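A look at the structure
Residue strings, one per chain:
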Amino acid sequence: DTEVTQTPKHLVMGMTNKKSLKCEQHMGHRAMYWYKQKAKKPPELMFVYSYEKLSINESVPSRFSPECPNSSLLNLHLHALQPEDSALYLCASSQEGPRETQYFGPGTRLLVL
Amino acid sequence: GQQLNQSPQSMFIQEGEDVSMNCTSSSIFNTWLWYKQEPGEGPVLLIALYKAGELTSNGRLTAQFGITRKDSFLNISASIPSDVGIYFCAGRGGGSEKLVFGKGTKLTVNP
């Protein structure tokens, strides 16, 4: 089973709203990732969690706040977003080690009004 | 930083034709991955390559890890309409945790 699940599939929010994106995997992977993807572009890395600790933050604005409650779950808390933050948000997970292969979830399509 | 050049940017082919796309890097990679993404979905892993010279097949798909470790190609044989999508290469090297992605090849298959 190489499934990563994400909820919700679609989200529309205003600039003053607070919302959260959720990601879950049950493959025993110890690394989890958040990516942002704009239309017709490759995914851009936002955050990496390794063994439930934040290991990479790609200079993401503080209006995006990641959280890893346990090794299977990854959240992305959103607050005071801008319209340019509208994008497909992808979660991925991988094993640790030199042969880690990232498996992506289906994404959350976010629209900020 | 590491960069990947993926070509071609787009391809328009007839059903049944073979397809080839490739990625080149300015630096050495230790892992090459090929993903396919359909509209509104996340990238789906097609083939993973871990060793220079490695040639791996997955059904009608074949990918190779270049011997110089700076390139990889993906071939699709006898294309069918459901092959439509954007194909991304991705690589990792130099002890980095990060994947570097190519800009994608958009494939259109005419029935």
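For the structure itself, look to the data block above.
Let me begin by describing the structure that accompanies this report. Being a predicted model, the structure only gives us computed values, none of them experimental. (Residues numbered from 1 in each chain as written. Chains lettered and ligands numbered in written order. Predicted model: local features only at pLDDT ≥ 70, side-chain atom pairs only at ≥ 80, totals over all residues. Heavy atoms only, no water.)

1. A closer look at the overall build of chain B
- Counting secondary structure elements, chain B contains 0 helices and 11 strands.
- The C-alpha radius of gyration computed for chain B amounts to 13 Å, which stays within 12% of the reference 13 Å derived for 111 residues, consistent with globular compactness.
- Counting across all 111 residues of chain B, residues that qualify as buried make up 42%.
- Sequence separation of at least 24 residues holds for 54% of the intrachain contacts in chain B that already meet a minimum separation of 6. (Helix = DSSP H or I, 4+ residues; strand = E, 2+ residues; numbered from the N terminus. Rg over C-alpha atoms; globule rule 2.2 N^0.38 Å. Buried < 20%, exposed > 50% of the residue type's maximum accessible area, 1.4 Å probe, protein only. Contact = heavy atoms within 4.5 Å.)

2. Digging into the overall build of chain A
- Looking only at helices and strands, chain A has 0 helices and 11 strands in total.
- Computed over the C-alpha atoms, the radius of gyration of chain A is 13 Å, within 12% of the 13 Å expected from 2.2 N^0.38 for a compact globule of 113 residues.
- In terms of principal-axis extent, the alpha carbons of chain A reach across some 40 × 25 × 20 Å.
- Per-residue burial over chain A gives 48% buried out of 113 residues.
- Look at the contacts in chain A between residues 6 or more apart in sequence, and 54% of them connect residues 24 or more apart.
- Taken as a whole, chain A presents about 5,500 Å² of accessible surface, with 51% of it coming from carbon and sulfur.
- Here chain A holds 13 positive side-chain charges and 11 negative ones, and the gap between their average locations is 7 Å. (Areas by Shrake-Rupley, 256 points an atom, 1.4 Å probe, with all protein chains shown as cover. Lys, Arg positive; Asp, Glu negative; His and termini not counted. Charge placed at Lys NZ, Arg CZ, Asp CG, Glu CD.)

3. Here we look at the pattern of salt bridges
Residue and element names in this part refer to chain A.
- Under the criterion given, the structure shown has 7 salt bridges over all chains.
- For E52, the salt bridge identified is with R30, shortest N-O distance 3.2 Å. A residue pair is termed long-range when its members are at least 10 positions apart, and E52 in the loop between β5 (44-50) and β6 (53-57) and R30 in the loop between β3 (18-25) and β4 (31-37) qualify at 22 residues. (Salt bridge = Lys/Arg side-chain N within 4 Å of Asp/Glu carboxyl O.)

4. Quick look at the interface of chain A and chain B
- Counting residues at the interface gives 25 residues for chain A and 19 residues for chain B.
- Of the roughly 1,700 Å² buried at the junction of chain A and chain B (both faces included), carbon and sulfur atoms supply 55%.
- Here chain A is connected to chain B by 3 salt bridges.
- Scanning the region where chain A abuts chain B turns up 6 residue pairs in polar contact (both at pLDDT 80 or more). (Buried area = accessible area lost by both parts, 1.4 Å probe. Polar contact = N/O pair within 3.5 Å; in protein donor to acceptor, adjacent residues only side chain to side chain.)

5. Quick look at the pairing of strand β9 (residues 85-92) of chain B
Residue and element names in this part refer to chain B.
- Among the 8 residues of β9, 7 are classified as buried, and the element is accordingly described as predominantly covered.
- Sheet analysis places strand β4 (residues 31-37) next to β9, joined by 7 bridges and oriented antiparallel. Considered in β9, the bridge of W32 is made with G91.
- One ladder, built from 3 bridges, connects β9 with strand β11 (residues 105-110); its direction is antiparallel. Residue pairing in the sheet places I86 in a bridge with K106 of β11.
- Where β9 lies against strand β10 (residues 100-101), 2 bridges are found, and the strand directions are antiparallel. Paired with G91 across the strands is V100, a residue of β10. (Pairing = 2+ DSSP bridges.)

6. Observations concerning the sheet that holds strand β3 (residues 19-25) of chain B
Residue and element names in this part refer to chain B.
- Spatially, 5 strands are ordered β1-β3-β8-β7-β6 in an open sheet, and the strand pairing comes out antiparallel. The sheet is open, and its two edges are formed by β1 (4-7) and β6 (55-58), each paired on a single side. Each neighbouring strand pair of the sheet contributes to a mean axis angle of 15°, computed without reference to strand direction.
- Both β1 and β3 contribute to a ladder of 4 bridges, which runs antiparallel. Looking across to β3, one finds that N5 is bridged to T24. (Axes fitted to C-alpha atoms, helices over the stretch in contact; angles between N-to-C directions.)

7. Topic: the sheet that holds strand β8 (residues 73-79) of chain A
Residue and element names in this part refer to chain A.
- One open sheet accounts for 4 strands, arranged β1-β3-β8-β7; its pairing is antiparallel. Of all strands in the sheet, those with a lone pairing partner are β1 (4-7) and β7 (64-70), marking the two edges. Strand-to-strand twist in this sheet, taken as the mean axis angle between neighbours without regard to direction, amounts to 20°.
- Pairing analysis gives 5 bridges linking β7 to β8, with the strands arranged antiparallel. Residue pairing in the sheet places S65 in a bridge with H77 of β8.

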